[in-house]
Amino acid sequence: MAACMGRWSAGRLGWLPTLQSIRHAKAVTRHRKAMHFERQKIMAATKYIAPKPAVPERCIVPRMRAKDEETGLDRLKKKQLEKVLTENKMIAVFQKNPVSSEELLLLRHRLLKHSIHLKFFPNRIVRERFSGSKYQNLLPLFFGHNLLVVSQEVKAKEMLQVLRRTPHIHLLGACIENTIFSKQGVVNLAKVPSMAAIHMEVVSSLTLMLSETCSLMTKSPVYVTALLEQYVKEQSEKAVERPAKAC
């Protein structure tokens, strides 16, 4: 029995490790002290803030936009714009402020009475068509909401009279018979009488001269002879004065 106990205790001793590490732990008595709240305020107030650039980077580097494919509606608008520019002599550009649909419809009917049409086209299509053409000087006028007032004949006076009742629409410029006009130029052009009025004035002046000649010929020969003698006398006096001035 003793021998068995000896063997067992020897076996138990053989199981123990040859080296053993004993850790002597020491109590932590020093902890990091929290910062005083007054110092925390001073540190937050004096914290360095890096200056921002004067111009944001997004304003310097342009954003790359994917080019949209041309749709069928864009092609249709381009054809309509080309037809408008080809068939009309007067093309005026207006800026459209907020206006109700009823006022816009009434304006369209008033213009149609004088054979003047109201057209709407997207600004990007108009800019693409006008760039590099004879309408290039009108490009700065196309910003915001614009509309075109077109006519096959020059009717600036009628156009201004109709649009005078609609203060929400302002004239910016026009192209009349391949000539670019400003707003004041269109107003001055509207004051010029039409060709029909000029023709009537010329015909009336010629008719008046003929009537005066006929009335003169119907008077007595003595009166006509006196007028002719007076005319000859005036012409002779003028002929005498001219050489004297030349000397």
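Residues numbered from 1 in each chain as written. Predicted model: local features only at pLDDT ≥ 70, side-chain atom pairs only at ≥ 80, totals over all residues. Heavy atoms only, no water.

Asks: Before we move on, can you summarise the overall build of the protein with the specific residues and values?
Replies: Regarding its fold elements, the protein presents ten helices and five strands. Within the span of the protein, comprising 247 residues, buried residues form 18% of the whole. Within the protein, counting contacts between residues at least 6 apart in sequence, those at least 24 apart form 75% of the total. (Helix = DSSP H or I, 4+ residues; strand = E, 2+ residues; numbered from the N terminus. Buried < 20%, exposed > 50% of the residue type's maximum accessible area, 1.4 Å probe, protein only. Contact = heavy atoms within 4.5 Å.)

Asks: Could you give an account of the pairing of strand β2 (residues 116-119), with specific residues and numbers?
Replies: Burial along β2 is one-sided: I116 and L118 are buried, while H117 and K119, pointing the other way, are not. The sheet contact formed by β2 and strand β3 (residues 146-151) spans four bridges and is antiparallel. Residue pairing for β3: L118 is matched across the bridge by V149. (Pairing = 2+ DSSP bridges.)

Asks: Account for the sheet that holds strand β5 (residues 179-182), naming residues and giving values.
Replies: Judged by pairing direction, the sheet is antiparallel, and its five strands sit side by side in the order β2-β3-β1-β4-β5 without closing on themselves. In this open sheet, the two edge strands, each paired with only one partner strand, are β2 and β5. Pairs of neighbouring strands in the sheet enclose a mean axial angle of 25 degrees, with direction left out of account. Contacting β1 (90-96), β2, β3 and β4 (169-176), helix α5 (residues 101-112) runs over the sheet at an angle of about 145 degrees to β2. (Axes fitted to C-alpha atoms, helices over the stretch in contact; angles between N-to-C directions.)

Asks: For the pattern of salt bridges, give the residues involved together with the corresponding values.
Replies: According to the stated counting rule, one finds three salt bridges in the structure shown. A salt bridge links E128 to K78, with the shortest nitrogen-to-oxygen separation between them at 3.1 Å. Here K78 lies in helix α4 (residues 72-87) and E128 lies in helix α6 (residues 123-130), a separation of 50 residues in the sequence. The class for E128 is partly exposed, based on a relative accessible area of 49%. Judged by relative accessible area, K78 falls into the partly exposed class, the value being 27%. The partner of R129 in a salt bridge is E82, with the nearest N and O atoms 2.5 Å apart. (Salt bridge = Lys/Arg side-chain N within 4 Å of Asp/Glu carboxyl O.)

Asks: Talk me through the packing of α4 against α6; I want residue IDs and the actual numbers.
Replies: The N-to-C vectors of α4 and α6 enclose an angle of 55 degrees; their axes lie 10 Å apart at closest approach. In terms of axis orientation, α4 runs oblique to α6. Helix-helix and strand crossings are classified by hand; for α4 and α6 the assignment is right-handed. Mapping the contact onto sequence places D74, K77, K78, L81, E82 and L85 in α4 and R124, I125, V126, E128, R129 and F130 in α6. For the contact of α4 with α6, the residue count by class is five nonpolar, no polar and seven charged. (Parallel < 35°, antiparallel > 145°, perpendicular 65-115°, else oblique. Left-handed = near helix turned anticlockwise from the far one by under 90°. Nonpolar A, V, L, I, M, F, W, Y, C, P; charged D, E, K, R; others polar.)

Asks: Provide a residue-level description of α4, including the pertinent values.
Replies: Relative to the 22 Å expected for 16 residues at 1.5 Å per residue, α4 spans 23 Å between its end C-alpha atoms, a close match to the ideal helical length. Every buried residue of α4 is listed here: D74, L81, V84 and L85. Looking down the long axis of α4, one finds its buried residues gathered within 95 degrees of arc, a one-sided arrangement. Those residues of α4 that are exposed and aimed more than 90 degrees away from the buried face are K79, K83 and T86. Buried-residue contacts for α4 involve β1, β2, α6 and β3. (Expected span 1.5 Å × (residues − 1). Arc of directions from axis to C-beta.)

Asks: Run through the pairing of β1, naming residues and quoting values.
Replies: Counted residue by residue, β1 has five buried out of seven residues, so it is predominantly covered. Relative to β3, β1 runs antiparallel, the two sharing six bridges. Residue pairing for β3: V93 is matched across the bridge by L148.

Treat this as a map of the structure, not an account of what it does.
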